[in-house]
Amino acid sequence: MNKILSLLVLMAVAVAAPAQKFTVKVTNPSAIDRHDVPVVVDLHKALGKKVATILSAEVIAPNATSRTHGAGILVPCQLDDLDGDLIFDELAFVCDLPAHASLSLKVVCSATQPQKTYRPRTAAFMKVWDRKYRYPYINSIEYQGRNEPLATYDAIYGHGAQWESELVGFRVYMDHRQSIDIYGKPTPQLVLDQTNFYSTREDIAQGRGCDILFAGQSVGAASFRGYLNGQPTYVDEVEARGQRVLASGPVRAIVEVTDKNWNYNGCRLQMRQLYTIFAGHRDVQVDIQLAGAQVDAQAFCTGVQKLEMENVGFVESTGLAGSWGKNVPDKAAEDLIEGVGLGVCVPAPYLTSTKEDALNYLTLLRPVAGHIRYHLAICADMERAGFHDAKSWFNWLHAWQTELNQPCTIKISR
C-alpha cells in the first residue's frame, strides 16, 4: 500500500509540476572573441519564485561546440544549492561568443528528469587526515578558534580545501594564514584528486604537475589579508574558522571559507570568502562578505608576492598587479625549481591604493556595503601551451583586466 501511495504522489508531482522554461541572452560587448564565458542564472529570479521541485536543467543553444539535442545544441551545465536547503539556487554554464555577438539559449527545468552527466572540467573537494590512510571526503568542517593553527592545518589532507580547472589548481590553507597555494600542470587535466598537492617525482615524470609556489610570509597568490600599521596581517583571533565545498563541476567549482567573530582592529567581524573557478579558466573570482560595526571603514589588502629568484613584477594604480619568476616550492627538494606567473585585478570600487614592499606587490582594499570582490590568476612555466616569460604573462594580465572591465551581459526572459 505504501509503495502504491508513493507512486501516486510521484505521479501527482509530475502532473502538477510541468517543465519550467526561460531564455538566457548573453551578449559580448567587446571587439574580441571570448571563450568559456561564465554565465550564472539566479533560478529564483528567472522562475519568479523559489521552486523546490526542480531536479534538472538543460541549456540548449543554436550554435555551440557540444553534442546535438533536437533542433539545438545541448550545453553542459550544473545546478547548485548554495545555502544547503536542498533547493537549487543557481544555474551555471559557459559559452563561446564572437566579438559584438549575442547568443540566446533556451533553458528547460524539469521536476521529473534526472540531471544529465557531463564531462567534468572543474572540481573541488576536501579530505580529512586519517591515520589508516583512507582520507575520507567531507563537505565542510569548522574548528574552534582556540586550536593551535598548525593542528587545524595538519588535520586536513592537503592542508585545506582544493579546487581546480583543467588548466590550474588551488588550495586554501586551513589555518590563520588562509593562504592561497597554487598547482601547475603541463597539460590540461583534472589531477588534484590523485595527487592532493603531494606530487611524487613519479607524478611529475608522468605529467601530473605539482605545487609550484612557496609563499612564506608573503601574500602568495592574492591571499586575502587584514591591513594594520602599514602591514598585511593574518586572520589570527577568531571564535571559529571553517571551510566548505559549495560546488564541484562540471563547469564551476566554489569553495567557501568562514571566520566567526574575527577580532580585527578592535572590532568583531563575521567573514565569508568564496573562491569560484569556471571551466576553461586560469583565473578565480574572490568574493569577501564582511559584517560588523563600521566594517566599510576597515582596511584590508591582497596582492601578489615577489618570487624568490629572477623576480620581475609591477603594481598599477588601476588595481592590476603581476609577478613572474622562479622559486623552490618544496624546500626538501631544492632541485625542483618552478617558473611561476601571478596576477591580481581589483575593480575600482574596492581599491584604495597600491603599495610595494619587500615581499609583495600590494593592492589595498575597502569593503562596499560589506562586500569586496577581486580576481586572481596564475600560470606555470611547465605548461606546454602556456607562458614562458614575463612579457607574455604581463600582456595576458593586461588583456584579462580589459576583459574583466567589459563583462558580457546576461538578460533573462520567459
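Since the model is a prediction, treat every value here as computed from it, not as a measurement. (Residues numbered from 1 in each chain as written. Predicted model: local features only at pLDDT ≥ 70, side-chain atom pairs only at ≥ 80, totals over all residues. Heavy atoms only, no water.)

S.K.: Can you walk me through the overall build of the protein chain in this structure?
M.R.: Helix and strand counts for the protein chain stand at six helices and 29 strands. On C-alpha atoms alone, the protein chain measures out to a radius of gyration of 22 Å, which is about the 22 Å that the 2.2 N^0.38 rule sets for 414 residues. Taken along the three principal axes of its C-alpha coordinates, the protein chain extends 65 × 50 × 50 Å. Residues counted as buried form 53% of the 414 residues belonging to the protein chain. For the protein chain, contacts bridging at least 24 residues in sequence account for 66% of all contacts bridging at least 6. Split by element, the accessible area of the protein chain, about 18900 Å² in all, is 53% carbon and sulfur. (Helix = DSSP H or I, 4+ residues; strand = E, 2+ residues; numbered from the N terminus. Rg over C-alpha atoms; globule rule 2.2 N^0.38 Å. Buried < 20%, exposed > 50% of the residue type's maximum accessible area, 1.4 Å probe, protein only. Contact = heavy atoms within 4.5 Å. Areas by Shrake-Rupley, 256 points an atom, 1.4 Å probe, with all protein chains shown as cover.)

S.K.: Can you help me understand the confidence of the model for the protein chain in this one?
M.R.: Should the pLDDT be low somewhere, the predicted coordinates at that spot are not to be read in detail. The pLDDT averaged across the protein chain works out to 94; a share of 94% of its residues lies at or above 70. In this model residues 1–15 is a low-confidence stretch, pLDDT under 50, and it forms one contact with partners more than four residues away in sequence or in other chains. (pLDDT = per-residue confidence, 0-100.)

S.K.: Explanation requested: the side chain of S110 in the structure shown.
M.R.: Following the sequence through the fold, S110 ends up in strand 8 (residues 102–110). Of note is the side chain of S110, whose polar atom sits 3.0 Å from the backbone nitrogen of Q113. Setting aside chain neighbours within four positions, we find S110 in contact with T53, I54, L55 and S56. (Polar contact = N/O pair within 3.5 Å; in protein donor to acceptor, adjacent residues only side chain to side chain.)

S.K.: Before we go on, may I ask you to explain helix 6 (residues 390–404) in this structure?
M.R.: In an α-helix there are 3.6 residues to a turn, and that puts residues three or four apart on one side. For helix 6, with 15 residues, the first-to-last C-alpha span of 21 Å sits near the 21 Å given by 1.5 Å per residue. Within helix 6 the residues assigned to the buried category are A390, W393, F394, L397, W400 and Q401. Considered in projection along helix 6, the buried side chains sweep an arc of 115° and stay on one side of the axis. Against strand 21 (283–291), strand 23 (309–315), strand 24 (320–327), strand 25 (338–345) and strand 28 (371–380) lie the buried residues of helix 6. (Expected span 1.5 Å × (residues − 1). Arc of directions from axis to C-beta.)

S.K.: Could you clarify how one ought to interpret the environment of V340 in this entry?
M.R.: Here V340 is to be found in strand 25. Along the primary structure V340 and V315 are separated by 25 residues, whereas in three dimensions their C-alpha atoms are 17 Å apart. Look past the residues within four positions of V340 in its chain and what remains in contact with it is I182, I212, L213, L307, S323, W324, G325, N327 and C379.

S.K.: Hey, could you run me through the packing of aromatic side chains in this one?
M.R.: Any pair of aromatic rings gets described here by the distance separating the centres and the angle formed by the planes. Under the definition given, this model contains 19 aromatic pairs. Ring geometry for Y133 versus Y135: centroids 6.4 Å apart, planes at 70°, classification edge-to-face. Aromatic side chains F387 and W393 sit 5.2 Å apart centroid to centroid with 70° between the ring planes, which places their arrangement in the edge-to-face category. Judged by relative accessible area, W393 falls into the buried class, the value being 0%. (Phe/Tyr/Trp six-rings, centres within 6.5 Å; stacked < 30°, edge-to-face > 60°.)

S.K.: Would you mind showing me how to read the environment of V107 here?
M.R.: With respect to the helices and strands, the residue V107 is situated in strand 8. Look past the residues within four positions of V107 in its chain and what remains in contact with it is Q20, K21, F22, V24, E58, V59 and L91.

S.K.: Whenever I open this one, the sheet that holds strand 19 (residues 252–264) confuses me. Can you help?
M.R.: The strands making up a sheet associate through backbone hydrogen bonding, with each pair oriented either parallel or antiparallel. The strand order 11-18-19-20-21-28-25-24-23 describes an open sheet built from nine strands, whose pairing is antiparallel. With one partner strand each, in any of the chains shown, strand 11 (140–144) and strand 23 form the two edges of the open sheet. Each adjacent strand pair in this sheet contributes to an overall mean axis angle of 15°, direction not counted. Across eight bridges, the pairing between strand 18 (residues 240–248) and strand 19 is antiparallel. If you follow A240 over to strand 19, its bridge partner there is K260. Here helix 6 sits on the sheet and contacts strand 21, strand 23, strand 24, strand 25 and strand 28; the angle it forms with strand 24, its principal contact strand, is near 150°. (Pairing = 2+ DSSP bridges. Axes fitted to C-alpha atoms, helices over the stretch in contact; angles between N-to-C directions.)

S.K.: Before we go on, may I ask you to explain the state of the cysteines in this structure?
M.R.: In protein chemistry, a disulfide is the covalent bond that joins the sulfur atoms of two cysteines. On inspection of all chains with the given rule, the structure shows zero disulfides. With no disulfide partner, C77 has as its closest neighbouring cysteine sulfur the one in C109, 8.5 Å distant. The class of C77 is buried, set by a relative accessible area of 2%. Unpaired in terms of disulfides, C95 finds its nearest cysteine sulfur in C408, a separation of 7.2 Å. (Disulfide = S-S within 2.5 Å.)

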